[in-house]
Structure formats: C-alpha cells, structure tokens
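Listed here are the chains, written in short residue letters.
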Amino acid sequence: MDQQSPSLWRAPRSVSTLTAQVQIPGSKSVMARELILSALADGPSRLARPLRSRDSLLMRFAIEALGATVVEDDSGWIITPGTTSGDVAIDCGLSGTLMRFAPGLAALREGRSSFDGDPVARTRPMQVLLNGLRQAGVQIEDADRGFLPFDVIGAGSVTGGVVDIDASASSQFVTGLLLSAARFERGLTLRHFGEKLPSLPHVGMTVEALRRRGVQVDTSVPFQWSVQSGTVSGLSLTVEPDLSNAAPFLAAALVTGGAVTIADWPLNTTQPGDALRYILPQLGATVTLDEHGLTAHGGTIRGVDLDLSAVGELTPVIAAICMFADSPSTLRGVGHIRGHETDRLRALATQLSAIGGSVRDTEDGLQIDPGPLHAGRFATYGDHRLAHAAAVIGLEVDGIEIENIETTAKTMPDFAARWTAMSTGSTSGAPAVTELAS
C-alpha cells in the first residue's frame, strides 16, 4: 500500500454466537451541550465520566479559546466560565455540533472568532444558523458562502429577540441558537417555519439541559421556543453513556443470534438513541431493560419499513442489520443525513451494493433488498457511522476491509479494540468489554 492509500482494518468475524456485556463511553451530544452551557454559566460546573473523543476535545479547546478554564481531576472535568477578548481561531474538525453550537458563545465575547475545520466540514451547511445569529444582532463575516470558514465579530453582548429560521436541514441550527439565548439581552423567541424538523428529540435534549440549569424555556407553541433572559447555573453532572454509539454493539446480537448487554443504560433519558429499545424488536430482537442495562437477544431478522426521521444517526447501523433480513426493508424520513459527515444515503447505497447487496438511495431514505454478501473494501468517507455499519457487516461476512477505522475516534477513540474484544471473545487491550463468552 502506498503512502497515499487509506489505512485498512480487517473487520473481525464473530467466532460464534456472541454473549457480551459492553460499557459505552459518554454521550457526545450531552458533552457538546454541557460544555457550551458550562462556559456560559454563573459558576463552575463538574462533568463526571466525560467523553474524551475528537469531537469532545475540540469542543473543550473551543470553549477554552473563548475564555473558559477546564481542569481535569479524578472525578472528571471542572469547567470555570470566563471571557477573553481579541482574535481567536476555532478548529471545528468535522464536528457539526461545534461549528453550530459555539458561534453563539463566541458572539458574547469581544473580538473576532474565526471558525474553520476539515475540508469536508466546509461542505456542511451553516447558512441557517448564521442568518439566525444575524437576526439576533450578531455580526458575521462569511463572504455570503453559508459554509465554513466564517468569522463571528463579538461585541460583548447580543440583543436577541424574535428569530425565524427554517431548520428542515438540521435540528442543530435550533440547538445552536437556544444554548446561548439566556445570555442574550432580550432572550430569544425562536420560530421554525419549515415543513419538517428532523431529529426533534435532540431539541428536547437541549431544552432539558437548559431547564436543568435554571433557564426558563417556554415550549407551549409548536415549533417555537421562547428562552427568557437570565443566568445559567453551574452544576455537577455524570455524563450518560452514548446510546447512539451503542447501536453497532446491540446490532451484533441480531446478526450473530446472540445477546449483548449495554451496561448503565439510563432508565430515563432524552437521548434519541434510546429509541433502539423500540426499533430493534421490530427487526426481530428481544429487548429487556433492567438494573444490569439494556440487553438485546437476537432472533430471525425481519425486513422493516421504518421512519427514522427522529433518529437519523442510527440509519447506517440499521441498514447494516437489514442486509441480513428475511425480506426487503425501507428506511425513510432521513434525507437530512445527506448533509452529515458525508452523504450517508449515497455512501451506504454505494458501499453496501459493492459487497453484494441491492441498495438504492431514494430522496429521503434507502430501499434494501438483502442477498448474499461477499468480501470487499468498505469506504467510510471519514464518517464514523459508516465504519460502525461496516463492522456490523464484518461479523458475518469474512474479508470486510474498512478504510480509515480511525475515524471512529470522533466519538469513541478505542472502538476498534472494544469491537475486537467483543467479536473474538478476548478482553486483551479492551477492559471496557467484560463478561465475554462464545
């Protein structure tokens, strides 16, 4: 392989029916919201069991550049709010949460904050958020591109008021405006006027995070959020496991006919990944939730017709499961994931078809006809969810070689070690996977 070729990782094939208990690192979505809110708070916050992934570290570096102080100790991260002035540069990497959540924070300081990221990040739409900030009184310089790079010219305060946006492309535009709204002089009344709002549970997670810190949020009018101007309280919080990142591990139970338990699954949560409890049984799994965690038991995998509009990030792994179903499947309501780390619909159709499947991407989803699969190279396009899907396929199909498995570090730095331990029955190098038998 020449130096220009992407690295390849041979996905481990399951040794037999799997039985495993797995610990999943903290939620990327929770971390992103809590780091921004901690930087806006009126006092220190402590985040226990923080996620140390690329996205979370980039968000940490961003809030530090914007004035907060982060100190680590044995109990987690202690974030003390503060402010800076002058010019700063913010590296967004490929993080949609960072590029959409941090500009509101940047607008509250004095000085120029320059946002940029990975080359692919420059293709992710930003116009809706930037126009929303402009309506709130923020000066933005982006040469009318509506993409990275752009500059936020902070004046030390933001007027706020009524803002109208069409967030049909991403709920992150709503969250990005709501998170900083309590610090706006007039608060914020945010109105979404589009025909749809994908991933709506993510907005619910944002509203709960605000209310937990004492922020008054009125959600009585559909698709309107009114945030009252006021203080944001510091708090201590234990970060929940990332339930969306649990998807490939639970999928392993289905494709091998085994049983996988995700430890510490919260009994009550606003994480959209909790929908796996209800989606997996439709695919043929038996799912139980008790004091040990959430357990999926595999069975005959059934074809499904699923609207995944609220949980689009689960689409790649669900599509991988459907490749082993007893009948065709339709996944719909997820046209918005074409604008994620890559065009996930086109990428899935291309890669799953290349290894023997019959997969067609539609305007808002996938049509999947299962069939015999074979070995081959699986491109990830720098997208961690594509890598998860390929790993699931590799459990049952020998010879799946995944390009750039390192991209999983975006949300789970040691994914490959955890996955290998579960798949092969070896705990060597991966203490987070326990009670393995095969």
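Structure's up top.
Just so it is clear, the model here is predicted, and its values are computed rather than measured.

Here we take up the overall build of the protein chain. Looking only at helices and strands, one finds 12 helices and 24 strands in the protein chain. Its C-alpha atoms give the protein chain a radius of gyration of 21 Å, within 12% of the compact-globule value 22 Å for 438 residues. Along the first, second and third principal axes, the C-alpha atoms of the protein chain reach 60 × 50 × 45 Å. The buried share among the 438 residues of the protein chain stands at 58%. When contacts within the protein chain are restricted to residue pairs at least 6 apart in sequence, long-range pairs at least 24 apart make up 71% of them. Total accessible area on the protein chain is roughly 16000 Å²; 48% of this is exposed by carbon and sulfur atoms.

With that settled, the discussion passes to helix α7 (residues 247–256). Counting buried positions over the 10 residues of α7 gives 10, a clear majority of the element. Every buried residue of α7 is listed here: A247, P248, F249, L250, A251, A252, A253, L254, V255 and T256. Positive backbone phi, approximately 70°, marks G257, located one or two places after α7.

Right, let's get into the sheet that holds strand β8 (residues 139–141). Strand order in the open sheet formed by four strands is β6-β7-β9-β8, with mixed pairing between adjacent strands. At either margin of the open sheet sits one strand with a lone partner, and together these are β6 (88–91) and β8. Neighbour to neighbour, the strand axes of the sheet diverge by 25° on average, direction disregarded. Bridge count for β8 against strand β9 (residues 150–155) is three bridges, and the pairing is antiparallel. Its bridge partner lying in β9, Q139 is registered against I153. The strands that helix α3 (residues 96–107) touches are β6, β7 (110–116) and β9; relative to β9, the one it contacts most, it runs at about 25°.

On to unusual backbone geometry, then. Residue P149 follows L148 across a cis peptide bond; omega there is -5°. Mapping P149 onto the fold places it in the loop between β8 and β9. Its identity as a non-glycine residue notwithstanding, N404 has a phi of 55°, on the positive side. Mapped onto the elements of the fold, N404 is located in the loop between β23 (400–403) and α12 (415–424). Classification of N404 by relative accessible area gives partly exposed; the value is 27%.

One pass over the structure, following the stated rule, counts four aromatic pairs. Summarising the aromatic geometry, the rings of F115 and F150 are spaced 5.1 Å apart at their centres and angled 15° between planes, so their arrangement reads as stacked. A residue pair is termed long-range when its members are at least 10 positions apart, and F115 in strand β7 and F150 in strand β9 qualify at 35 residues. Between the aromatic rings of F249 and F415, the centroid separation amounts to 5.8 Å while the plane-to-plane angle is 70°, which identifies the pairing as edge-to-face. Linking F249 in helix α7 with F415 in helix α12, this pair joins segments that are 166 residues apart in sequence. Ring-pair connections join several aromatic residues into one group, and the members of that group are F249, F415 and W419. Cation over ring: R60 sits above W77, and NZ or CZ is 5.0 Å from the ring centre.

The subject of this paragraph is the nonpolar core. Buried together is how nonpolar side chains tend to be arranged in soluble globular proteins. Ranked by size, the top nonpolar core spans 72 residues in total, and within it I36, I63, F115, V174, L178 and L190 carry the most contacts. The leading source of residues in this core is helix α1 (residues 28–40), at eight residues. Contacts of V174, omitting those with residues within four sequence positions, involve I165, A167, L190, L197, V203 and W225. Counting residues in hydrophobic clusters, the runner-up holds 70 residues, among them F249, L283, A347 and W419.

Turning our attention to the sheet that holds strand β12 (residues 217–218). The strand order β10-β11-β13-β12 describes an open sheet built from four strands, whose pairing is mixed. Each edge of the open sheet carries a strand with a single partner, namely β10 (161–165) and β12. Relative to strand β11 (residues 188–192), β10 runs parallel, the two sharing five bridges. In the sheet register, V162 faces β11, and the bridge partner there is T189.

Right, let's talk about the pairing of β6 for a bit. A regular strand places its side chains so that they alternate between the two faces of the sheet. The side-chain alternation of β6 yields one buried face, formed by V88 and I90, and one unburied face, formed by A89 and D91. Pairing analysis gives four bridges linking β6 to β7, with the strands arranged parallel. The residue bridging A89 from the neighbouring strand is S114, located in β7. Remark: the β6/α3/β7 crossover connection has right-handed handedness.

A word on the environment of V128. Relative to the elements of secondary structure, V128 occurs in helix α4 (residues 127–135). Assessed through its relative accessible area of 23%, V128 is described here as partly exposed. Between the C-alpha atom of V128 and that of E406, which follows or precedes it by 278 residues, the distance is 31 Å. Not counting the four nearest positions on each side in its chain, V128 is found in contact with I165, D166 and F173.

Before going further, it helps to examine the pairing of strand β16 (residues 286–290). Looking at chain direction, β16 and strand β17 (residues 293–297) are connected through five bridges and run antiparallel. By the bridge assignment, V287 is partnered in β17 with A296. As consecutive antiparallel partners, β16 and β17 are separated by two residues.

On to the side chain of S56, then. Locating S56 in the fold gives a position in helix α2 (residues 54–65). What S56 contacts, discounting residues up to four positions off in sequence, is M31, L35, L51 and W77.

So, how was this worked out
- Residues numbered from 1 in each chain as written.
- Predicted model: local features only at pLDDT ≥ 70, side-chain atom pairs only at ≥ 80, totals over all residues.
- Heavy atoms only, no water.
- Helix = DSSP H or I, 4+ residues; strand = E, 2+ residues; numbered from the N terminus.
- Rg over C-alpha atoms; globule rule 2.2 N^0.38 Å.
- Buried < 20%, exposed > 50% of the residue type's maximum accessible area, 1.4 Å probe, protein only.
- Contact = heavy atoms within 4.5 Å.
- Areas by Shrake-Rupley, 256 points an atom, 1.4 Å probe, with all protein chains shown as cover.
- Pairing = 2+ DSSP bridges.
- Axes fitted to C-alpha atoms, helices over the stretch in contact; angles between N-to-C directions.
- Phe/Tyr/Trp six-rings, centres within 6.5 Å; stacked < 30°, edge-to-face > 60°.
- Lys NZ or Arg CZ within 6 Å of the ring centre and 35° of its normal.
- Core = buried A, V, L, I, M, F, W, Y, C linked by side-chain atoms within 4.5 Å.
- Right-handed = clockwise from strand over helix to strand, strands pointing away.

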